[in-house]
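# Architecture and fold: a report
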Amino acid sequence: MLPEFKFHHIGVAVKDIDSTAAIYVEGGYSRSSAVFDPEQNVTVCWLTRDGYPTVELIAPGDDRSPVSKTLEKVGVSPYHCCYTVDDIDAAVAKLRKQKYVALGKPVKAVALHGSRVCFLFNKNVGLIELVEAPAVIIE
Ligand code: NI
C-alpha cells in the first residue's frame, strides 16, 4: 500500500450483472449501464450510494475471462479493492519494490472513461487494482 492511495471501489465477481445489481438497487444503490471492456474481457456495472463505498460488478465475457476462475472456485464474491493514484506508472514502480507483482501493463478502462488501470498481486494483501486519476465512472 502507498500513503497516497485514495479508495475507489470494491470489485465483485458476478455471474450475471442484472441479477446482482437488482438486489443492490432494492437496497438503495443506483446502477450504471453495463459496458463490455474488451481489454479485460469482462462486462462491468457500477453501483453507487451516498456515504457507501462504490461497488463494481464484473461478469465474465467468456470462459477465458479473468473472473471465470474466481466464480468457479468461490462463486459470487468480492475479489479486489481499487485505489486511485495520480501517476500510475510511478505507483506501479513503487509497489514492485514492495513485492507486488503486476499482472500486466496499465491499460485504458472503458468503464472509467479511458483512465488507465493496472492489477497487482501481493501474497499478504491479495489482488488490488490501481486507477489513474481522474477515474470518473460511466453513468
Ligand atoms: Ni475494479
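In the block above lies the structure referred to throughout.
Quick look at the structure, then. (Residues numbered from 1 in each chain as written. Predicted model: local features only at pLDDT ≥ 70, side-chain atom pairs only at ≥ 80, totals over all residues. Heavy atoms only, no water.)

### Regarding the side chain of N41
- Inspection of the secondary structure assignment puts N41 in the loop between β3 (35-37) and β4 (42-48).
- With sequence-adjacent residues up to four places away left out, N41 is seen in contact with F36, P60, G61, D62, R64, S65 and P66. (Helix = DSSP H or I, 4+ residues; strand = E, 2+ residues; numbered from the N terminus. Contact = heavy atoms within 4.5 Å.)

### Remarks on the coordination of the nickel ion
- Those protein atoms acting as donors to the nickel ion are H9 (NE2), E56 (OE), H80 (NE2) and E129 (OE), and they sit at 2.0 to 2.1 Å.
- Ordering the donors of the nickel ion by residue number gives the pattern H-x46-E-x23-H-x48-E. Of the two residues, E56 sits in strand β5 (residues 55-60) while H80 sits in strand β6 (residues 77-85), which places them 24 residues apart along the sequence. We note that E56, like H80, is buried. (Donors = N, O, S within 2.8 Å, 3.2 Å for Na, K, Ca; no water. Buried < 20%, exposed > 50% of the residue type's maximum accessible area, 1.4 Å probe, protein only.)

### Here we look at the pairing of β5
- With respect to burial, β5 is a largely interior element, 5 of its 6 residues being buried.
- Pairing geometry for strand β1 (residues 6-13) and β5, over 4 bridges, is parallel. What sits directly across from V12, in β5, is L57.
- Bridge analysis of β4 against β5 gives 6 bridges, and the strand direction is antiparallel. Note that in β5 the partner of T43 across the bridge is A59.
- Here β4 hands over to β5 after 6 residues, with G51 in that stretch at a positive phi of 85°. (Pairing = 2+ DSSP bridges.)

### Focus on the environment of K69
- For K69, the position within the fold is in helix α2 (residues 68-74).
- The spatial distance from the C-alpha of K69 to the C-alpha of I23 is 23 Å, given a sequence separation of 46 residues.

### Quick look at the nonpolar core
- By size, the foremost hydrophobic cluster in this structure holds 17 residues, and its most contacted members are V44, W46, I58, V67, A111, L112 and V131.
- Going through the elements one at a time, β4 and β6 are the ones with two or more residues in this core.
- With 3 residues, β4 is the largest single contributor of residues to this core.
- Ranked by size, the runner-up nonpolar core spans 14 residues in total, among them F5, A91, Y100 and L130. (Core = buried A, V, L, I, M, F, W, Y, C linked by side-chain atoms within 4.5 Å.)

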